[in-house]
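# Summary of the model geometry
Here is how the chains run, residue by residue.
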Amino acid sequence: MKTVSLSEQLAGGVDQRWRPKTNHASDIVNMRVDDEGLGWVNDRGWEPLDPYSAFGTVSIYVDEKPIHSVGVWTRDQNAETYYLHEQEYTDAAGVRYLALRWVHPNNNGSGSTLRLAQTLQTKRTVPQGDDPGTQYVPFGRFLLVCNGHELPLKFWGGRRVEEFGWSSRPAPPTVLPPDPTYFDGTNINAVDTIAANMGSPRGLGDASKNTQNMYRYKVSWVSTTGSESPLSSSSMASWNATDDSSAKRYAVQLRDVAFGPPGTVARRIYRTKNLKNVDTQGDAVYFFVAQIDDNSAGDFMDIHPDQELVVTAPASTASVLLPSGLKYAAGWNGRVWMAGGSGNELRVIYSDAGAPEQFGAFSFFDVSVRQGGAITGLMPFFDSLLVVRENAIDLISSNDNNTGFTMQTLDPRVGTTATNTFTLVPGLGVFFLGYDGIYLISGERGGISSTLQVQKVSQPVQREVNRISIGALARATAAYSTREKEYWVHYPVDGQTRCSRGIVYHPLLQAWSLRHATSTSGPGAFEFNGITTNPAGWFVLAPQTQAVTGLGTTRTIYNLGLQVWSACGHEGETMLVTLSDAPLYTKTSVADGPSVLGIWSSTWTDFGDDAVKKRAVSVLVDVITMGHRTITLEVATDYQESYTVAGTIAPAVVDVFGSSKEETVYGASTDPDDTVAVIGTAKWAAGRVTRLRWDVRTGLVSWFKWRLSSPNPFQVIQYRVEFVPADRQVLNVKAQ
């Protein structure tokens, strides 16, 4: 019997099309590309960001609940790293809320309340299936947090969190005008008038006798960011000069100068010049008088004569109240850009340069005249700002001298609600998940020479894409890891609203793979509500924590707290707890979760001609040696996804397996071979490439498929299949 061997095939990525590339896979699950771009490795899993070993008593109303969003923010050149997240809890009335918190990992605290965690805000809205949830937007010295429901926040680190922007204007000051009759002795009982006879040239008013004097005042707040609030309504001070030939100038007392919200560092006083007999309802020009550099003093004495007032007050349109319900934000061009949310679906507003909380009345773009639907996200893209919409993508750019902005349509056909999937992948562009696939925005912008384009890139994994729940597309989440060199997008499928499956793009191989729970997974596996990365490039995951009730008062909690994608190889850790003092549990023990099952499955092959029957003889796979942890190969034939086990083999060199010539491995001293490492004696060697062979010996078939799987680490580099052709051809289909 003469066998025929297919040519050596480098193990490629997933290609689910009917006519895939010859070396690609129909399925790659929970594997990554080797650091050298050489094949696929199953050696990843996740573990707690905060080790369970440090936990003491765990509150079931906080720690046991799922995390709905995650954001990582650093300051002081990465000296401080904050892992912000929103964790679900239920109040005494049974209403579900989110608590905005941060945590520092790797601390030595004991007990859930002593772990250097800080709750910043409670009673935040739980997002629905069509809601992208909270956005974490770095801007200079603070982090902007917004979700379209609560007022936006700016987080400065530590316990300092403040309202972003201005949701109200200052109340007008209480003005106490002078009473000239008190000073000339004709009204000596007017002790409630607080003013001073300043004399010339200081003070207010016309020194001429028999003169009507009138002034109007406004105040504003100034925040830590240098942004100024809208001006208050006006207060008026007026008095009549006496008929004394020596009429005087006076001081005006301002009381109850309004205190600003937290984050206010100063208040500014504005005043008109002497209006004299001008109609009190008429327009007037206001001038800057003084700045009170605190947010605590309530009184101010105005003695500034008109000739000292030279700087006009901001126009009423220079700063307006921030619209409520803003959902999306981005920092670009030295400004904060915001959009979306109820009532703001078709408008992008932007702040003044250098004043991120100050929004002018006319500083906006209205997209209602453009087709594309509601705004669903904002993202900086080098010298432009992407305005994502339901059915289009627009582009905002600055003009040549950076004095204004223009908007143009980048693509009128492609849009999305998957706000949290827009991610910059170095060297390629911006990836995002659309309604019908994953897209890439690439090229350069340069006026008429712009080469920006939007193209669909997920054709090889289109069957997987077709499972995505379009109604819950907004819940999808994504990130790019410089450490893993992966773009990972996670999404809900099959009508669900919870993210449970992922597609990964690997630039090193320009290939795709998948991530999801398998038959060996534990509760809540791969159910991640948010994905981001930290400064070191590690994926940080927001899990859907699961608790399983055991015997008596025991419970097993899976995926508790923030998780990190790492080389641990298992599905997080589990914590066994026992009810101690309701509603608190006491930790009993901690154990690793199930090992992550890796799968590399070939495409269907007809060995070059599906009209001729043949027998598959063997599958040869090049792997990297990894000790005695075994790999299983299964085969299927003629498009029947019913697999038969062909054998289980250790990824080791066959010729020396189990002998003293094999590389040493970890193991118990009772192992029946000579390869177990002896501490202090054995030398640890790096793995090497070796070829494994599985004999399959099928009957006569037209199509053949095989797959490798194991919860143990293994690496697939390349493969070859041997078969025996036969003279028998496929039968005709019988007529009806």
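The paragraphs below set out a description of the structure included in this document. Being a predicted model, the structure only gives us computed values, none of them experimental. Each chain carries its own residue numbering, running from 1 in the written order of its sequence. With the structure being a predicted model, the display of local features is reserved for residues of pLDDT at least 70 and the display and counting of side-chain atom pairs for 80 or more, all residues being used for whole-chain, interface and lining totals. To obtain the side-chain values, all non-hydrogen atoms of the structure were used and water was disregarded.

## Observations concerning the pattern of salt bridges
- Salt bridges are identified by distance alone: a Lys or Arg side-chain nitrogen within 4 Å of an Asp or Glu carboxyl oxygen. Inspection of the entire model under this criterion finds 34 salt bridges.
- Among the ionic pairs, E8 bridges to R691, the shortest N-O distance being 2.6 Å. On the criterion of sequence distance, the pair formed by E8 in the loop between β1 (4-5) and β2 (9-10) and R691 in strand β50 (residues 689-695) is long-range, its members being 683 residues apart.
- Measuring nitrogen to oxygen at the nearest pair gives 3.6 Å for the salt bridge that ties K154 to E162.
- Each residue gets one of three labels from its accessible area relative to the maximum for its type: buried under 20%, exposed over 50%, partly exposed in between, using a 1.4 Å probe on protein chains only. According to the relative accessible area criterion, K154 is buried, its value standing at 1%.
- Exposure remark for E162: the relative accessible area of 7% places this residue in the buried category.
- Salt bridges here are not isolated pairs; linked through shared partners, they connect E8, D622, R691, R693, D695, R720 and E722. Where helices and strands are cited, they refer to DSSP runs of H or I of at least four residues and of E of at least two residues respectively, numbered from the N terminus.

## Considerations on the sheet that holds strand β23 (residues 328-332)
- The strand order across the open sheet built from four strands is β23-β24-β25-β26, with neighbouring strands paired in antiparallel fashion. Unpaired on one side and paired on the other, β23 and β26 (355-366) mark the two borders of the sheet. Looking at each pair of strands side by side, their axes are set apart by 25° on average, direction ignored.
- For two strands to pair, DSSP has to find at least two bridges joining them. Relative to strand β24 (residues 335-339), β23 runs antiparallel, the two sharing five bridges. Across the sheet, the residue bridging to A330 is W337, located in β24. A fitted line through C-alpha atoms serves as each axis, taken over the contacting stretch for helices, and the angle formed by two N-to-C directions is quoted from 0 to 180°.

## Brief notes about the sheet that holds strand β29 (residues 393-398)
- Across the sheet, which stays open at both edges, the four strands sit in the order β27-β28-β29-β30 with antiparallel pairing between neighbours. Looking along the sheet, the strands with just one partner apiece sit at the ends: β27 (375-381) and β30 (405-411). With direction set aside, neighbouring strand axes in the sheet form an average angle of 25°.
- For β27 and strand β28 (residues 384-389), the ladder comprises six bridges, and the chain directions are antiparallel. Bridge pairing in β28 links L378 to V387.

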